[in-house]
Every structure is written in structure tokens, then in C-alpha cells.
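# Architecture at a glance
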Amino acid sequence: MKVVSTSKAHGGIQGVYSHASEVCACDMTFAVFVPPQAKDGRLPVLWYLSGLTCTHANVMDKGEYRRLASELGLVVVCPDTSPRGADVPDEKDNWQFGCGAGFYLDATQEPYAKNYRMYSYIAEELPALVAANFPVDMSRQAIFGHSMGGHGALTIALKNPQRYRSCSAFAPIVQPSTAGWSRPAFEKYLGADEMKRAGAPMMRRC
């Protein structure tokens, strides 16, 4: 794990970090805010999932969560929304698909299956990295997100009901596999046969 930047905020530390992701087969960047209470022991962790076209920086710049996180003693983790890099397949003229639009799922179709594994990244790889490097109590986790991130929070929490103490979604995308504007992305990631799409039953229940 590499430190990209750190800064002081409300008595805590806002950091941005990068690492070589085995799951996404590229370098991934994420942000972590550690409040001042961390000096006394491990703290609850809150995962925030950003929306379409965003990065980890979106909520850092536009959503001032650090003051309240410091008051409550919460570690806040803000992942990126998708894999990125010159070798990651993308459609640069399509903002609804590819880099910035990973939809927090594991793609099954080529050429996207190698890199677009955001469900496994958020649910497995990144939590292990955070647990190993930050003062977090992984028995006290919550997850929330906005728009595409709200969709991600709902699907990830529903698939892991014993993991999170709470799940919140702000203006979530709740029917992306059938909505006209997002269905093409899901077909490219998961295939045209809706019944065979990974996680399709869970998406409909959302």
C-alpha cells in the first residue's frame, strides 16, 4: 500500500492510498479518514460508495463527513467506483459504462471480466487491506452510498446480511438491469440473458 497524500482534519487524518489490486488486476486508489479517537483503540468503520462517473475524491471534496466522523469516532472508507488504467477496457465516449461506471458488480463477460470485479473488491479485498493497516473494528461495519453507490450498498449488504450493522442509500439506482439507460452496461458486463446474470435475483429484490 502506498500513501498518496495525508492531511489533518478535525483532529483526525484524511489519507488517500493506492495499492496493486489482485482482484481488479490494476492499481486502485481509496481514501480513509481516521478520527482522533483511534489513539485509544479500534473504531467502527463506515463504507461510502460513490456514484456514476465519480472517484474516491468526490465525497472528499463535496461532502464534509469528517467533522461528524470525528465527533462520533468513525473511520470512513471511500473506495473508487471502478478499475482504471491504460490496460483496463473502457468506452471513453460513454460515461454510463466502463471507468467510473463499475456498478459494484463482478463482470462475467470478456473483455471486462478480468478487471471489473468491484463486488469482490469492495466485499473482500479492500476490507482485508483496511483491517490490516488501519485501527478498525471489523465487527462494527456499516455501508452507504449515493446513486450507483446506493445500488452497490444495497446489493452488497443484502448479499452479506451478517456483516453490516446498517445500510443506507441516497437516491439509489434500484433497477439497473432493466432500466433503459443502464441495461446496456449490465448486458456488457453480465451478458444478454438476464436470468443468467450474476446477482440478477438480488438486483430485482432491491
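Since the model is a prediction, treat every value here as computed from it, not as a measurement.

## Things to note about the confidence of the model for the chain
When the pLDDT values of the chain are averaged, the result is 93; 94% of them are 70 or greater. Below a pLDDT of 50 lies the segment residues 198-206, which in the model reaches 21 contacts outside its immediate sequence neighbourhood of four places, other chains included.

## Observations regarding the sheet that holds strand E1 (residues 2-9)
Pairing is mixed in the open sheet, where seven strands are placed in the order E1-E2-E3-E5-E4-E6-E7. The strands lining the two open edges of the sheet, one partner per strand, are E1 and strand E7 (164-170). With direction set aside, neighbouring strand axes in the sheet form an average angle of 20°. Judged from the seven bridges that link them, E1 and strand E2 (residues 12-21) form a sheet pairing that is antiparallel. For Lys8, the partnering residue across the bridge sits in E2 and is Ile13. Against the sheet, helix H3 (residues 118-133) touches E2, strand E3 (26-34), strand E4 (43-49), strand E5 (75-79) and strand E6 (136-146), its axis set at about 120° to E2. Most of the contacts of helix H4 (residues 148-159) go to E6, to which it runs at about 140°, and overall it touches E4, E6 and E7.

## Thoughts on the layout of surface pockets
Here the largest pocket is characterised by a volume of approximately 180 Å³. If you go around the largest pocket, the residues you meet are Leu46, Tyr48, Val59, Gly63, Glu64, Tyr65, Leu68, Ala69, Leu72, Leu74, Val76 and Phe144. Among the secondary structure elements, those contributing two or more residues to the lining of the largest pocket are E4 and helix H2 (66-72). Looking at the lining of the largest pocket, the element that brings in the most residues is H2, giving three residues. Classifying every residue of the lining of the largest pocket gives ten nonpolar, one polar and one charged.

## Section: the nonpolar core
Within the largest apolar cluster, 46 residues are counted, with the highest numbers of intra-cluster contacts made by Phe30, Val77, Phe103, Tyr121 and Tyr189. Elements with a contribution of two residues or more to this core: E3, E4, E5, H3, E6, H4 and helix H5 (183-190). It is H3 that provides the largest number of residues to this core, a total of eight residues. Setting aside residues up to four positions removed in sequence, Tyr189 forms contacts with Phe97, Gly98, Ala101, Gly102, Phe103, Leu105, Ala107, Thr108, Gln109, Tyr112 and Tyr116. Of all hydrophobic cores here, the second largest spans 14 residues; its members include Ala9, Phe33, Leu46 and Val59.

## Quick word on unusual backbone geometry
The residue after Glu110, namely Pro111, is reached through a cis peptide bond having omega 5°. Positive phi, normally seen in glycine, also occurs at Ala25, with a value near 55°. For Ser147, which is not a glycine, the phi torsion comes out positive at approximately 60°. Within the fold, Ser147 resides in the loop between E6 and H4.

Thresholds applied
Residues numbered from 1 in each chain as written. Predicted model: local features only at pLDDT ≥ 70, side-chain atom pairs only at ≥ 80, totals over all residues. Heavy atoms only, no water. pLDDT = per-residue confidence, 0-100. Contact = heavy atoms within 4.5 Å. Pairing = 2+ DSSP bridges. Helix = DSSP H or I, 4+ residues; strand = E, 2+ residues; numbered from the N terminus. Axes fitted to C-alpha atoms, helices over the stretch in contact; angles between N-to-C directions. 1 Å grid on protein atoms, 1.4 Å probe; cavity = no way out; pocket = protein on both sides within 12 Å on 5 of 7 lines; lining within 4 Å. Points joined across faces, edges and corners; volume = space filled by probe spheres on them. Nonpolar A, V, L, I, M, F, W, Y, C, P; charged D, E, K, R; others polar. Core = buried A, V, L, I, M, F, W, Y, C linked by side-chain atoms within 4.5 Å. Buried < 20%, exposed > 50% of the residue type's maximum accessible area, 1.4 Å probe, protein only.

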